[in-house]
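Working through the structure, step by step
Spelled out, the chains give:
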Amino acid sequence: MELRHLRYFVAVAEELHFGRAAQRLHMAQQPLSQQIRQLEAELGVSLFHRTKRQVQLTEAGKAFLQEARQVLDKASHAIKVARLVAQGEIGRLAVGFSGFATYSILPKVLRIFRERFPRVELDLEEMTTSAQVQALQNRQIHLGLMIPPVNDASLSLSMILQEPFVVVLPESHPLAKKPELTLSALGNESFILVSRHLEPGYYDLCISLFQQAGFSPKVVQKASHKQTILGLVSAGMGVSLAPASIRNIHRTGVVYTNLNTSIANVELAAVWRQDELSPILQTFIEIIKEIVPQN
């Protein structure tokens, strides 16, 4: 039995006339009659009472009609769902992201994606770069927005954003009122940095910049999240470096000051598994690339 047999049966059952049903199905009457008889033979029951004047459903036919309609409805729904998934319009997308993405590109990407694809379920989780790489390897997320480098040949990477650093200072710091600072001016400061095992690329970049400025930083505290770092800076525990978009976070007791250097830039990358074929993922990446020039 095929779906077409159910469609033939439903047409005859609704029309109660083989000629009109054949016209509705855009086929000849004789092949339609043959198909219905084959269906009845397969089922082992008569679905219709046939006379020269009329066609009526048997009790078995009435029961079969109800079930046949449900099957056709489910098949139609399944086709619609498959097409929507293939077009990236429904389904689920799990995204891991660093704090950098939270206060830079991610809010705008999410707003546009929600407007265009309201039926897609988004599963969002802030994670360090190390955690995102592991989650991608374990297929727990489809996409990571992280700070490179990423040393895994099974992952694809696309750079999406580059920003200069700013210095994060306590509001009461003697340097807080200066419009711009050099790294060498911070040589005697106590630093609060992200832990290297969580953000190795970001940590190594910061250390490299300090070394180029002629000093090794005095790291008094390490933290896992930017909000924690801001809290510690606000409390006067030390100073820190951060991407310029951190200015979007308004934190009492903290001042953001420009860094006078052309080599201090931090990058954000979109990373996904090379074997990930999700149309929703591709749609999400396309939206990121669409708005990147506007940032």
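Now for the pairing of strand β9 (residues 218–223). Relative to β9, strand β8 (residues 190–194) runs parallel, the two sharing five bridges. Across the sheet, Phe191 pairs through a bridge with Val219, a residue of β9. Each parallel crossover has a hand, and for β8 linked through helix α8 (residues 200–212) to β9 it is right-handed.

With that settled, the discussion passes to the packing of helix α1 (residues 3–15) against helix α4 (residues 59–86). Put simply, α1 and α4 touch, their axes get as near as 9 Å, and they point 130 degrees apart. Relative to α4, the element α1 lies oblique. Here α1 runs over α4; the crossing is left-handed. Judged by residue contacts, Leu3, Leu6, Arg7, Phe9, Val10, Ala13 and Glu14 of α1 engage Gly61, Phe64, Leu65, Ala68, Arg69, Val71, Leu72 and Ala75 from α4. Taken together, the residues of the contact of α1 with α4 sort by class into eleven nonpolar, one polar and three charged.

Right, let's get into the packing of aromatic side chains. Using the criterion set out here, one finds ten aromatic pairs in the structure. Residues Phe191 and Phe210 carry aromatic rings whose centres are separated by 4.6 Å and whose planes lie at 55 degrees to one another, so their mutual orientation is tilted. In this pair, Phe191 sits in strand β8 while Phe210 sits in helix α8, placing the two residues 19 residues apart along the sequence. As far as burial versus exposure is concerned, Phe191 and Phe210 are alike and both buried.

On to the nonpolar core. Grouped together as the largest cluster of nonpolar side chains are 66 residues, with contacts concentrated most on Leu143, Leu145, Phe165, Phe210 and Phe284. Beyond its immediate chain neighbours, meaning those up to four positions away, Leu145 contacts Val95, Gly96, Phe97, Ser98, Ala101, Leu106, Gln132, Ile160, Leu268, Ala269, Ala270 and Ile288. In terms of nonpolar packing, the next biggest core, distinct from the first, is built from 21 residues, Phe9, Leu32, Val55 and Leu57 among them.

The next subject is unusual backbone geometry. Here the bond from Pro148 into Pro149 is cis, since omega is 10 degrees, no more than 30 degrees from zero. Relative to the helices and strands, Pro149 resides in the loop between β5 (143–146) and β6 (155–170). The backbone of His26 shows a phi angle near 60 degrees, a positive value even though the residue is not glycine. A positive phi angle is found at Arg139, which is not glycine, with a value near 60 degrees. Locating Arg139 in the fold gives a position in the loop between α7 (129–137) and β5.

On to the pattern of salt bridges, then. On inspection of all chains with the given rule, the structure shows 13 salt bridges. A salt bridge links Asp275 to Arg273; the shortest N-O distance between them is 3.5 Å. Arg273 sits in the buried class, given a relative accessible area of 8%. Residue Glu276 pairs with Arg273 through a salt bridge whose shortest N-O separation is 2.4 Å.

In regular strands, side chains alternate between the two faces of the sheet. Counting buried positions along β6 yields twelve of 16 residues, so the element is predominantly enclosed. With nine bridges joining them, β6 and strand β12 (residues 265–273) adopt antiparallel strand pairing. By the bridge assignment for β12, Pro164 is matched with Asn265. Looking at chain direction, β6 and strand β10 (residues 240–243) are connected through four bridges and run antiparallel. Within the sheet, the bridge partner assigned to Val167 lies in β10 and is Leu241. In the sheet, β6 pairs with strand β11 (residues 254–259) via five bridges, with the strands oriented antiparallel. Bridge pairing links Val167 to Thr257 in β11.

Running from N to C, α1 and helix α2 (residues 18–25) point in directions that differ by 130 degrees, and their axes come no closer than 8 Å. Relative to α2, the element α1 is oriented oblique. Our pair here, α1 against α2, has a crossing hand that is right-handed. For the pair α1 and α2, the contacting residues are Arg7, Tyr8, Ala11, Val12, Glu14 and Glu15 in the first and Phe18, Arg20, Ala21, Arg24 and Leu25 in the second. A class-by-class count of the residues in the contact of α1 with α2 yields six nonpolar, no polar and five charged.

What follows is about α2. Those residues of α2 that fall on the buried side of the exposure criterion are Phe18, Gly19, Ala21 and Ala22. Relative to the axis of α2, the buried residues are bounded by an arc of 165 degrees and lie together on one face. Just downstream of α2, His26 is the residue with a positive phi angle, here 60 degrees.

Conventions and cut-offs
- Residues numbered from 1 in each chain as written.
- Predicted model: local features only at pLDDT ≥ 70, side-chain atom pairs only at ≥ 80, totals over all residues.
- Heavy atoms only, no water.
- Pairing = 2+ DSSP bridges.
- Helix = DSSP H or I, 4+ residues; strand = E, 2+ residues; numbered from the N terminus.
- Right-handed = clockwise from strand over helix to strand, strands pointing away.
- Axes fitted to C-alpha atoms, helices over the stretch in contact; angles between N-to-C directions.
- Parallel < 35°, antiparallel > 145°, perpendicular 65-115°, else oblique.
- Left-handed = near helix turned anticlockwise from the far one by under 90°.
- Contact = heavy atoms within 4.5 Å.
- Nonpolar A, V, L, I, M, F, W, Y, C, P; charged D, E, K, R; others polar.
- Phe/Tyr/Trp six-rings, centres within 6.5 Å; stacked < 30°, edge-to-face > 60°.
- Buried < 20%, exposed > 50% of the residue type's maximum accessible area, 1.4 Å probe, protein only.
- Core = buried A, V, L, I, M, F, W, Y, C linked by side-chain atoms within 4.5 Å.
- Salt bridge = Lys/Arg side-chain N within 4 Å of Asp/Glu carboxyl O.
- Arc of directions from axis to C-beta.

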